[in-house]
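Per-entry structural report
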Amino acid sequence: MEFPTLGKQCSYPLCRQLDFLPFTCDDCKDSFCLEHRRPGDHECASAQAHEPTKGGHTATCPLCSQILPVPAGQDTNARVEAHISSGCTKKSAIKVHKCDKCKASESFPIICKDCGNNYCLRHRFFSDHACTRRLAPPRRQVAFLIDSHITKTAVKAK
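All of these numbers come straight from a predicted model, not from anything done at the bench.

Things to note about the overall build of the protein chain
On a plain count of helices and strands, the protein chain comes out with three helices and eight strands. Start at the N end of the protein chain and walk to the C end: the helices and strands fall as β-β-β-β-α-β-β-α-β-β-α. Relative to its full complement of 158 residues, the protein chain shows a buried share of 20%. The contacts of the protein chain with a sequence gap of at least 6 include a subset with a gap of at least 24, amounting to 11%. Surface exposure of the protein chain reaches about 12,400 Å², of which carbon and sulfur atoms provide 55%.

Shown next as structure tokens:
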């Protein structure tokens, strides 16, 4: 046998098959092959004690959208009502940001870096909302142009 530590034997006494991908029973914690993986297939004594607690489903709260576990045998409506009465808080609505030019609404702010106003996707560029502060070039750019012009004229004069 090349891989003596790989895999486990099925714990079911009548099987004992070597399985390289064994299943572990949630109740008895023993390892089983594919054929005996379910508690009913290997006559699990622990599973019969836990049988009533297994199962169930989930429900979603209509106010806060929280997922609620509903155990087997419990009414879904009763579980949701108990959650709401225990202090469920309504989910806040999405904040709406209105465009300063056309009053269209967006779910996120688009703020112009130059004038600081909020705009929609259609008016987000300075040319689309006639940004008054963008028409004049930034001061750094003006200073650079003046400096480069002075340097060029000084080089030509030499």
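From this point on, the discussion continues.
Things to note about a nonpolar patch on the surface
A cluster of nonpolar residues, Leu6, Leu18, Phe20 and Leu21, forms a patch on the protein surface that exposes about 400 Å² of accessible area. Relative to the helices and strands, Leu21 resides in the loop between strand 2 (18-19) and strand 3 (23-24). For Leu21, a relative accessible area of 68% gives the class exposed.

Here's the deal with the pairing of strand 6 (residues 67-70)
What you see with strand 6 is a clean split: Leu68 and Val70 sit on the buried side and Ile67 and Pro69 on the side with no burial. The turn joining strand 5 (residues 57-60) and strand 6, which pair antiparallel and follow one another in sequence, is formed by six residues; a positive phi near 65° is taken by Ser65.

Considering the nonpolar core
In summary, soluble globular proteins display a tendency toward joint burial of nonpolar side chains. Judged by nonpolar contacts, Ala59, Cys61, Cys64, Leu68, Val70, Val80 and Cys88 together constitute the single largest core of seven residues. Ignoring sequence-local partners within four residues, the contact set of Val80 consists of Ala59, Pro62 and Leu68.

A look at the environment of Asp128
Its place among the elements puts Asp128 in the loop between strand 8 (105-106) and helix 3 (139-157). Taking the relative accessible area as the measure of exposure, Asp128 reaches 34% and is therefore partly exposed. On a C-alpha basis, the gap between Asp128 and Lys101 in space is 9.7 Å, while along the polypeptide they are 27 residues apart. When residues no more than four places from it in sequence are discounted, the contact partners of Asp128 are Lys101, Arg122 and His123.

Considerations on the pairing of strand 5
Across four bridges, the pairing between strand 5 and strand 6 is antiparallel. Counterpart to Ala59 in the pairing with strand 6 is Leu68.

A closer look at the packing of aromatic side chains
As enumerated under the stated definition, the model contains zero aromatic pairs in all. Here Arg37 stacks its cationic end above the ring of Phe23, 5.5 Å away from the centre of that ring.

So, the side chain of His36
Relative to the assigned elements, His36 resides in the loop between strand 4 (31-32) and helix 1 (45-50). Take His36: its relative accessible area is 9%, and that puts it in the buried class. Ignoring any residue separated from it by four or fewer positions in sequence, one finds His36 in contact with Cys10, Tyr12, Cys15, Asp41 and His42.

Concerning the environment of Arg124
Tracing the sequence through the fold places Arg124 in the loop between strand 8 and helix 3. For the pair formed by Arg124 and Cys112, sequence separation is twelve residues and the distance between their alpha carbons is 6.9 Å. Those residues in contact with Arg124 that sit more than four places away from it in its chain are Ile110, Tyr119 and His129. Within the local environment of Arg124, its side chain forms a polar contact with the backbone oxygen of Leu121, the two atoms lying 2.7 Å apart.

Rules used throughout
- Residues numbered from 1 in each chain as written.
- Predicted model: local features only at pLDDT ≥ 70, side-chain atom pairs only at ≥ 80, totals over all residues.
- Heavy atoms only, no water.
- Helix = DSSP H or I, 4+ residues; strand = E, 2+ residues; numbered from the N terminus.
- Buried < 20%, exposed > 50% of the residue type's maximum accessible area, 1.4 Å probe, protein only.
- Contact = heavy atoms within 4.5 Å.
- Areas by Shrake-Rupley, 256 points an atom, 1.4 Å probe, with all protein chains shown as cover.
- Patch = residues over 30% accessible without salt bridge, like charges linked within 9 Å, V, L, I, M, F, W, Y side chains within 5 Å.
- Salt bridge = Lys/Arg side-chain N within 4 Å of Asp/Glu carboxyl O.
- Pairing = 2+ DSSP bridges.
- Core = buried A, V, L, I, M, F, W, Y, C linked by side-chain atoms within 4.5 Å.
- Phe/Tyr/Trp six-rings, centres within 6.5 Å; stacked < 30°, edge-to-face > 60°.
- Lys NZ or Arg CZ within 6 Å of the ring centre and 35° of its normal.
- Polar contact = N/O pair within 3.5 Å; in protein donor to acceptor, adjacent residues only side chain to side chain.

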